[in-house]
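What follows is each chain in one-letter form.
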Amino acid sequence: MSRLVVISNRVAPVRKSESGSEGGLAVAILDVLKDQGGVWFGWSGKITEHESQAAQTFDHGKLTYATVDLSQQDYDEYYTGFANSVLWPLFHYRLDLTDFSRRDMVGYYRVNVIFATRLLPLLQSDDLIWVHDFHFIPMAECLRQAGCKQRIGFFLHIPWPSIQVLLALPNHEGIVRGLCAYDLIGFQTESDLRGFREYIEHEIGGEVLPDGTVKAFGRSLRADVFPISIDTKDVGRIAEDAVNSPQTERLRDSLGGRKLIIGVDRLDYSKGLVQRLEAYEHLLKVYPEQRGNVVLLQIAPPSRSHVNEYRDIRHTLERTAGHINSTFAEFDWNPIRYLNKGFRRQTLAGFFRLSDVGFVTPLRDGMNLVAKEYVAAQNPENPGVLVLSRFAGAAQELDGALIVNPYDTEGVGESLQLALTMPLEERRERWRTMYDHLCDHDVVAWRRSYLDALRSVTRND
Ligand code: ADQ
């Protein structure tokens, strides 16, 4: 069996971290790398005066970690600049937050060349190369230019935008040409794939054959849908154990019999957090019987705080949460508990199981694993209800959720009321369809189907 080489911006922790925060994805990829042998290659997380001349490697059984440091300029232009201030907002339909500069674009390509150059000496001729996410779209092109003949696959964790949005990216054609240097492109949803095919057919005169093969820029490749998932049974087990943990007990005691709505996100403008709080405010306004009887626990640790927009969203959220609390709070009840810190997976799983409603309302999201984790963590006898944005990739699969439009804050408020008052029988039915689906489509099935597809592509150059 070929060796697997995984490339992602950050590599998973070398050892099982004390924080216990590795998600199913890291574990699923580590499992295969450890079993079959392989390399995990990415940024070390360090900024040094000059970027590394060679990758630093570290062996752990059959697995080799290989990392590269970035210079400050590379970090500013590639990571903060083009990846997080152009591709991330634009692919999440936030043209208003997209801050394109040619300097950052050049930095993005430069870092991709640096990474490809550092990776090359580590490659073997029959390796299977799997590149992850928007940081490394041009990686295959860089590797091919250096003579790399191995099969190279790409998986996009974030949405692929519709054609009109993508056209706002000044180098859209270069980005798509870069993608077409892969042998297999994996998207999260059918609508991402549709957007990509539409661009190929209508913008650059490429072709999509009836079997799905894409012909563009003189190559043929495969593009398909591989919805990412979680280790469903494992999350369920962790949640069952965590339900009696001291932290879950403390949370339960603090609620004093009130219902709990939970939101867990990275603090990111794509997650729809302000609209979410406004929807909750609508619930409290229109259904006064909920006042004093429900609590919203919103967990949102800051991310990418060096990007201005992330600082802005943090301030807006603090203001909105403060306003709602000061409007509705009583001396013995606060409607919102807003926490700016992260928790271990185990703790979160216990919190999910305790919650009556999982509140997941991104304005755009590639998949959203929190929605899946919430479902997996429920008690089958008394499951909570998932309120889920139609703009999360997960909504394509989780049809037992109450699917909402996050821009319709009144509508979302009504759905919260429906969730809080839903009879047990209906909750069980809805949960069962979602849980069964997630058992059949877990992260191991995802990894297997992607790698099987990559192994079976025919290389044509
Ligand atoms: P993210 O935008 O980071 O990921 P998401 O899928 O929701 O979003 O979460 C990834 C992991 O982080 C989950 O395991 C979740 O439990 C954990 N997490 C999120 N918020 C947390 C918090 N406040 N505290 C602790 N842990 C937290 C990107 C894309 C998503 C896509 C994933 C995987 O944006 O759309 O689902 O990659 O492909």
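Note that this is a predicted model, so its numbers are computed, not measured.

What counts and what doesn't
Residues numbered from 1 in each chain as written. Predicted model: local features only at pLDDT ≥ 70, side-chain atom pairs only at ≥ 80, totals over all residues. Heavy atoms only, no water. Core = buried A, V, L, I, M, F, W, Y, C linked by side-chain atoms within 4.5 Å. Buried < 20%, exposed > 50% of the residue type's maximum accessible area, 1.4 Å probe, protein only. Helix = DSSP H or I, 4+ residues; strand = E, 2+ residues; numbered from the N terminus. Domains from an automatic or database assignment. Contact = heavy atoms within 4.5 Å. Near = heavy atom within 4 Å. Polar contact = N/O pair within 3.5 Å; in protein donor to acceptor, adjacent residues only side chain to side chain. Areas by Shrake-Rupley, 256 points an atom, 1.4 Å probe, with all protein chains shown as cover. Pairing = 2+ DSSP bridges. Axes fitted to C-alpha atoms, helices over the stretch in contact; angles between N-to-C directions. Buried area = accessible area lost by both parts, 1.4 Å probe. Salt bridge = Lys/Arg side-chain N within 4 Å of Asp/Glu carboxyl O. Nonpolar A, V, L, I, M, F, W, Y, C, P; charged D, E, K, R; others polar.

Student: I would appreciate a short explanation of the nonpolar core in the present structure.
Tutor: Nonpolar side chains in soluble globular proteins tend to end up buried together. Of all hydrophobic cores here, the largest spans 161 residues; its most connected members are Trp40, Phe196, Tyr280, Leu386 and Leu388. Of the residues forming this core, the biggest block, ten residues, is contributed by helix 2 (residues 72-91). In this structure, this core is formed jointly by two domains, domain 1 (4-229 + 443-456) and domain 2 (232-440), each of which donates at least three residues. If near-sequence neighbours (up to four positions away) are discounted, leucine 386 is found in contact with Gly358, Val360, Ala371, Tyr374, Val375, Leu398, Ala401, Leu402 and Met434.

Student: What should I look at first to understand the site of the ligand in this one?
Tutor: Every one of the 20 residues lining the ligand counts as a neighbour, but His157, Pro301, Asp365, Met367 and Glu373 are closest to it. Aspartate 265 places a polar main-chain atom, nitrogen or oxygen, 3.2 Å from a nitrogen atom of the ligand. A distance of 3.0 Å separates an oxygen atom of the ligand from a polar atom in the side chain of lysine 271. Protein chains shield 82% of the accessible area of the ligand, which is 700 Å² for the free molecule. Counting contributing residues per domain, the shell around the ligand is built from domain 1 (4-229 + 443-456) and domain 2 (232-440), each supplying no fewer than three.

Student: Looking at this structure, I do not really get the sheet that holds strand 5 (residues 128-132). What am I missing?
Tutor: Strand pairs in the sheet, formed through backbone hydrogen bonds, run parallel or antiparallel to each other. Strand order in this open sheet of ten strands is 3-4-2-1-5-6-7-10-9-8, and the pairing throughout is mixed. A strand with exactly one partner marks an edge of an open sheet, and here the two such strands are strand 3 (56-60) and strand 8 (207-208). Strand direction decides the pairing type here: strand 1 (residues 4-10) and strand 5, joined by four bridges, are parallel. Its bridge partner lying in strand 5, valine 6 is registered against tryptophan 130. Each of strand 7 (184-187), strand 8, strand 9 (213-216) and strand 10 (219-225) touches helix 7 (residues 190-202); the most contacted strand, strand 10, lies at about 155° to it. Here helix 16 (residues 443-455) sits on the sheet in contact with strand 1, strand 5, strand 6 (151-155), strand 7 and strand 10, set at roughly 125° to strand 5.

Student: Can you help me understand the domain arrangement of the protein in this one?
Tutor: Often, the extent of an interface is quoted as the loss of accessible area upon association of its parts. Taken domain by domain, the protein comprises domain 1 (4-229 + 443-456) and domain 2 (232-440). Averaged C-alpha coordinates put domain 1 and domain 2 at centres separated by 30 Å. Domain 1 puts 28 residues into the contact, and the matching count from domain 2 is 23 residues. In total, domain 1 and domain 2 occlude about 2,000 Å² of area from one another, counting both sides; carbon and sulfur atoms represent 58% of this. Interface area lost by domain 1 to domain 2 is led by Trp88, Leu97 and Ser229, which between them contribute 23%. Counting across the domain 1 and domain 2 interface gives zero salt bridges. At the boundary of domain 1 with domain 2, the tally comes to three residue pairs in polar contact (both at pLDDT 80 or more). In terms of residue count, helix 2 provides more of the side of domain 1 that touches domain 2 than any other element does, seven residues in total. Grouping the constituent residues of the side of domain 1 that touches domain 2 by class yields twelve nonpolar, 13 polar and three charged.

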